[in-house]
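# Structural overview for review
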Amino acid sequence: MSDTGHSLNGGWRVRDMASRARRAPSSRTDTAFRGFTIACSLFIALLMLGITIALVEGSWESMREFGLSFLWTSDWDINKGVYGALTPMIGTLTTTLIAMGIALPLALVIALLLVELVHPVAARIIGTAVEMLAAIPSIIYGMWGLFVLVPIMQAHVIPWLQSTPLGQIPWLLGGPPLGVGILTAGLILAFMVLPFITAVSRDVLRMVPTVTKEAGYGMGATTWEVTRKVSFRYGFGGFVGATFIGLGRAFGETMAVAYVIGNSFTIPESIIAPGTTFASAIANQFPEAVGLQKAALMELGLILFLVTIVFQLIAQLWLGYVNKKVGIR
Amino acid sequence: MREPTTEVSTAEPQSQATVVPPRIEVDDVTQAGQERHSDLEVKMSVRNLDFWYGKSQALFDNSIDYYQNRVTAIIGPSGCGKSTHIRCLNRIYELYRDHKASGEIVLDGNNVLGSGVDVLDVRRRVGMIFQKPSPFPMTVFENIAYGLKLFYKLNRSELRDRVEDALRRAALWDEVKDKLNEPGTGLSGGQQQRLCIARTIATEPEVVLMDEPCSAIDPIATGKIEDLIEELKHQYTILIVTHNMQQAARVSEYTAFFFQGYIVEFGETTKLFSNPDQKQTEDYITGRFG
Ligand SMILES: Nc1ncnc2c1ncn2[C@@H]1O[C@H](COP(=O)(O)OP(=O)(O)O)[C@@H](O)[C@H]1O
Ligand SMILES: [Mg+2]
C-alpha cells in the first residue's frame, strides 16, 4: 500500500545514503550507479518538461482568449464560449482544506496510538485496518460516497450541522441540504488521504530515538509532554511532508470527487453547496470537449500540474530547512 | 510510607551492617583520615531489589546505600545489570510493559517503588544522564528550558537566568553562549553530554544517575565531565556507571561491583580497588575477566 507514503520516507533514506556514498571512496560500481541515477533524474526532468509543453500547447487558445483573467473569472459557459477557473479553484481549495482539516489531526492521533499508546497487537490490527483504506480504488470511494455517504449527509449530518450555532453562518452552511457538495467531497477525501498521512506519521514517530524519548521521560515529563515537545518536534519535518503528500493526493483526486461534488460551475454559496474541482471538471467534460472548451480544460490541467509541482518544491525546501533548524541529521 | 525493614536511616550509628548484602564482610573503616560510613547521610537506599525482563531475571536481591554528596561508581562486566539497576532508581524501566521490579528503593524515607508515588516527581528528583548524548531536537536554550518549563512557572528573564545558571554549572556556558539558538545536536559529543547534564541539573534534582556518560566521547571531553562530577557532588548525590576502572578510581568515593545481577561488593573506592574482599572483585579489577 501507500506507494506515495513509502516513497517519502524512502526518499529520505535514499538521500541519506547518497550523501554517505559521496563520502565513501568511490569505486567502479559507484560511478556506474551515479551515472544511472543521473540518467534517471534527467529522464524525469525531461518528462516533466514534455508534459508542461504539451499542456501549454493544448491550452494555448484559451490563454490567448482569456489571458490571466482566466484565473479570477467564474463564468463557464459552453454556449457563450467563455471560461474561467475560479469555481474549480475554490472547489479544489475548499475540499482540500476540509479533507486536511479532518484527516491531519485524526492521522496524528492514530499514529500516536499505534506507536506509543496501545498494545502492539492492537496496534497491528488498527494499523492494518487503516492501511486497507489506501488499497480501496478511488472509484469505489466515489460509489460508496454517492450511494451511502450522500444520503446520510443529506438526511442527518447536514441538517444537524445547520441546527448548531454554526448553521447560522450563511456562507458556511447556508442553502438546501443536497447531500452532494463540497463538504461531502472533502469528507470522502479525508478518508482517502488518511491512510497516507497516518502511515508517514507513524513512520516518523517510530524514528524518534528511544534514548531521546527516555531522556524526556527522565526529566519527569508525561507521555503527552514528551510526545508534544520531543516526538512531534523531532517528527515535525516529517509531518509537514505527510501533509504535503495528503495535499497532493487531495488536490488531484478525481473520480471520488467527481461522484459526490455535484459538478456545478457556479461559485458555491456555502460548503454544503455543489461545486467542482480542477480534476473533476476535467474528468466530466473532457471526453466531449472541443475547441476553446478543450483548451480551457487543458489550462485547468496545466494549473493543477504546476500547483502540484510548486507544492512539492515548497515541501522539499521546507523539510530541508526545518530539519536543519532542529538539527535532525 | 516507611516500612519497618528500612533500618538504614542516618540516625543508626552502625548502619553499615545493613548497607551491603549479608554475605559480604563490611570493611570497618576507621583508619585515620578516612571517613566513617556512619557520618554520612544516606540519600537513597535499595533493599532486596529484584528485576525481570519478562521472565528473565536480571537483578537479584540488590541492597545498597547511596550516600549524600558522594559519588558512587558502579562497575562490573558488561551485561551484569548496571544499567538495569540504575534504571530502577528513577522508575524509567516502567516505560516498558514487561519490565518489572520488586523490592524497595527508599529516597528520603519514601519507597520510590511504592504505589501512590508521584513518578514524575521521582524522575525530577532523580535525574538521569544516558550513555549516548541525547539532546532534544531543539535549540541549546530550549533544551535546558524544556525541563524548567515542566516544573516551574517562569517569566522570560527568569528562564534566561536559570538556563544560563545551569549551563554555567555544567561548565558549558562559555562554549555555547553564542550558540543558544542553534540546534543542541550541532554541538560536539562532549558538549552534548554536558548539555544533557545542564538540562538535568537545571531542574534541581537531588540524585544524578549517569550511565556510562563518557563511553561515547573523547578523552579530553571525558576529563571535563570528570571535573564536572567533582564539582557537582557538592550539591548532588551522584551514581556513575562506568566501564573504566581508572575513571571509577578518579571520580568516586564509593564503588559497587556488580556481577551477574548481584552486588558482589560495595565499599570505599580506595579499599575496593586496593584490597577487595571478594575473589570475583579482585579478578575483575585485575582484568582477569570482563
Ligand atoms: N530490554 C531488555 N530486554 C531483555 N533483556 C535485557 C534488556 N536490557 C538488558 N537486558 C539483559 O539484562 C542483563 C543486564 O543488562 P544491563 O543492565 O544492560 O547490563 P550492563 O548495563 O551492566 O551492561 C543482560 O543480560 C541483558 O542482556
Ligand atoms: Mg549498560
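Residues numbered from 1 in each chain as written. Chains lettered and ligands numbered in written order. Predicted model: local features only at pLDDT ≥ 70, side-chain atom pairs only at ≥ 80, totals over all residues.

Between chain B and chain A, the residue contacts involve 25 residues of the former and 20 residues of the latter. Here the side of chain B that touches chain A is composed, by residue class, of 13 nonpolar, eight polar and four charged. (Contact = placed C-beta atoms within 7 Å. Nonpolar A, V, L, I, M, F, W, Y, C, P; charged D, E, K, R; others polar.)

Our next topic: the packing of helix H4 (residues 140-151) of chain B against helix H5 (residues 156-169) of chain B. Residue and element names in this part refer to chain B. Orientation of H4 relative to H5, taken along the N-to-C sense of each, is 110 degrees, at an axis distance of 9 Å. It follows that H4 is roughly perpendicular to H5 by the angle criterion. Facing Phe141, Ile144, Ala145 and Leu148 of H4, the residues of H5 in contact are Leu159, Arg162, Val163, Ala166 and Leu167. (Axes fitted to C-alpha atoms, helices over the stretch in contact; angles between N-to-C directions. Helix = DSSP H or I, 4+ residues; strand = E, 2+ residues; numbered from the N terminus. Parallel < 35°, antiparallel > 145°, perpendicular 65-115°, else oblique.)

Let us now look at the site of ligand 1. Residue and element names in this part refer to chain B. Surrounding ligand 1, one finds Tyr53, Ala58, Gly76, Ser78, Gly79, Cys80, Gly81, Lys82, Ser83 and Thr84. Residue contributions to the shell around ligand 1 peak at three residues, all from helix H2 (residues 82-89). Tallied by class, residues from the shell around ligand 1 come to three nonpolar, six polar and one charged. (Near = placed C-beta within 6 Å.)

On to the sheet that holds strand E2 (residues 56-67) of chain B, then. Residue and element names in this part refer to chain B. Read from one edge to the other, the open sheet built from four strands follows the order E2-E1-E4-E5, with strand pairing classed as antiparallel. If you trace the sheet from one side to the other, it starts and ends with E2 and strand E5 (110-111), each paired once. Alignment of strand E4 (residues 99-107) against E5, held across two bridges, turns out to be antiparallel. Bridge assignment links Val106 to a residue of E5, and that residue is Asn111. (Pairing = 2+ DSSP bridges.)

The analysis is restricted to geometry; functional conclusions fall outside its scope.
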